[in-house]
Amino acid sequence: MSQNVDALIWRAGAPDAYGDVLTLESLEQMAQGLKPGDEITLDFDFRNVIGHLVQAWIQGNDLYATITVDDLYAQDARDGKLALRPGFRIAAQHADADGVRIVDKIDITHVSLTSNPLPLPGEAGAGS
């Protein structure tokens, strides 16, 4: 049995844990790279598929997704014990006047439920 879970995946316009900032355009490319039916893994272990992507969408500077996951993981995702995070490949970037890496283009994206997620960009624990 499976359940749908909505989750905030990532954010544009704020530094992540490495100090990198995604543009809104690169976040849109990330969203476009996420296709309904894509496999959802646990802790980025591609041998451990626990669900599938239903849809991804952008609201403001935030990327959200609805996923269908096995019941065993759904409640932990809702309770914040697991978080949905992206894996992506940077295809183009530049440094701003302060030396901050600005991510201009994303060309490969996947998402995973993880028990040890990076903080979302702009949250405590992310870059400054």
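Structure's up top.
For every chain, the first residue of the written sequence is number 1, and numbering continues from 1 along that sequence. Note on the predicted model: pLDDT of at least 70 is required for a residue's local features to be given, and 80 or more for side-chain atom pairs to be given and counted; whole-chain, interface and lining totals, by contrast, use all residues. Computation of side-chain values: all heavy atoms of the structure, hydrogens and water removed.

*Asks:* Explain the overall build of the chain to me, please; I cannot follow it from the model alone.
*Replies:* Scanning the chain for helices and strands turns up two helices and seven strands. Against the compact-globule benchmark of 14 Å for 128 residues, the chain has a radius of gyration of 14 Å, which places it among compact chains. C-alpha atoms of the chain, sized along the principal axes, occupy 50 × 30 × 25 Å. Sorting the 128 residues of the chain into buried and exposed places 40% on the buried side. The long-range share in the chain, meaning contacts at least 24 apart out of those at least 6 apart in sequence, stands at 63%. Strands here mean DSSP runs of E at least two residues long; helices mean DSSP runs of H or I at least four residues long; both are numbered from the N terminus. Our radius of gyration looks at C-alpha atoms and nothing else; its globule reference is 2.2 Å times the residue count to the power 0.38. Each residue gets one of three labels from its accessible area relative to the maximum for its type: buried under 20%, exposed over 50%, partly exposed in between, using a 1.4 Å probe on protein chains only. Residues are treated as being in contact if the distance between any of their heavy atoms lies within 4.5 Å.

*Asks:* Even after reading the chapter, I still don't get the nonpolar core, so can you show me in this structure?
*Replies:* General note: in soluble globular proteins, nonpolar side chains tend to be found buried as a group. Throughout, nonpolar core names a set of buried Ala, Val, Leu, Ile, Met, Phe, Trp, Tyr and Cys residues whose side chains join them through atoms within 4.5 Å. Core analysis: the biggest nonpolar cluster contains 29 residues, and I9, I40, I67, L84 and L113 have the highest contact counts within it. Counting residues per element, the ones that place at least two in this core are β1 (2-11), α1 (24-33), β3 (39-42), β4 (45-59), β5 (62-70), α2 (71-78) and β7 (101-114). The element best represented in this core is β1, accounting for five residues.

*Asks:* Sorry, what's going on with the layout of surface pockets here?
*Replies:* Empty space among the atoms can be located by rolling a probe the size of a water molecule over them. In this structure, the largest pocket spans a volume of roughly 200 Å³. In the cavity and pocket records, a cavity denotes points on a 1 Å grid over the protein atoms alone where a 1.4 Å probe fits but cannot get out, a pocket denotes an open set with protein on both sides within 12 Å along at least 5 of 7 lines, and lining residues are residues with an atom within 4 Å of a point. For the largest pocket, the lining is made up of 16 residues, of which W10, Y18, P86, F88 and L118 are closest to its centre. Those elements that place two or more of their residues in the lining of the largest pocket are β6 (83-95) and β7. Across the lining of the largest pocket, the residue classes break down as ten nonpolar, two polar and four charged. Grid points are joined across faces, edges and corners, and a volume is the space filled by probe spheres set on the points. Put simply, Ala, Val, Leu, Ile, Met, Phe, Trp, Tyr, Cys and Pro go in the nonpolar bin, Asp, Glu, Lys and Arg in the charged bin, and everything else, Gly too, in the polar bin.

*Asks:* Honestly, the pattern of salt bridges in this entry has me stumped. Any pointers?
*Replies:* As a working rule, side chains carrying opposite charge can pair if their charged atoms are close by. The term salt bridge refers to a pairing of a side-chain nitrogen on Lys or Arg with a carboxyl oxygen on Asp or Glu at a separation within 4 Å. All chains considered together, the criterion is met by five salt bridges. R11 is the salt-bridge partner of D62, the closest N and O atoms lying 2.8 Å from each other. Here R11 lies in strand β1 and D62 lies in strand β5, a separation of 51 residues in the sequence. Since its relative accessible area comes to 15%, D62 is described here as buried. Salt-bridge contacts for R101 lead to D20; the nearest nitrogen and oxygen are separated by 2.5 Å. One end of the pair, R101, is in strand β7; the other, D20, is in the loop between β1 and β2 (21-22), with 81 residues separating them in the sequence. Assessed through its relative accessible area of 33%, R101 is described here as partly exposed.

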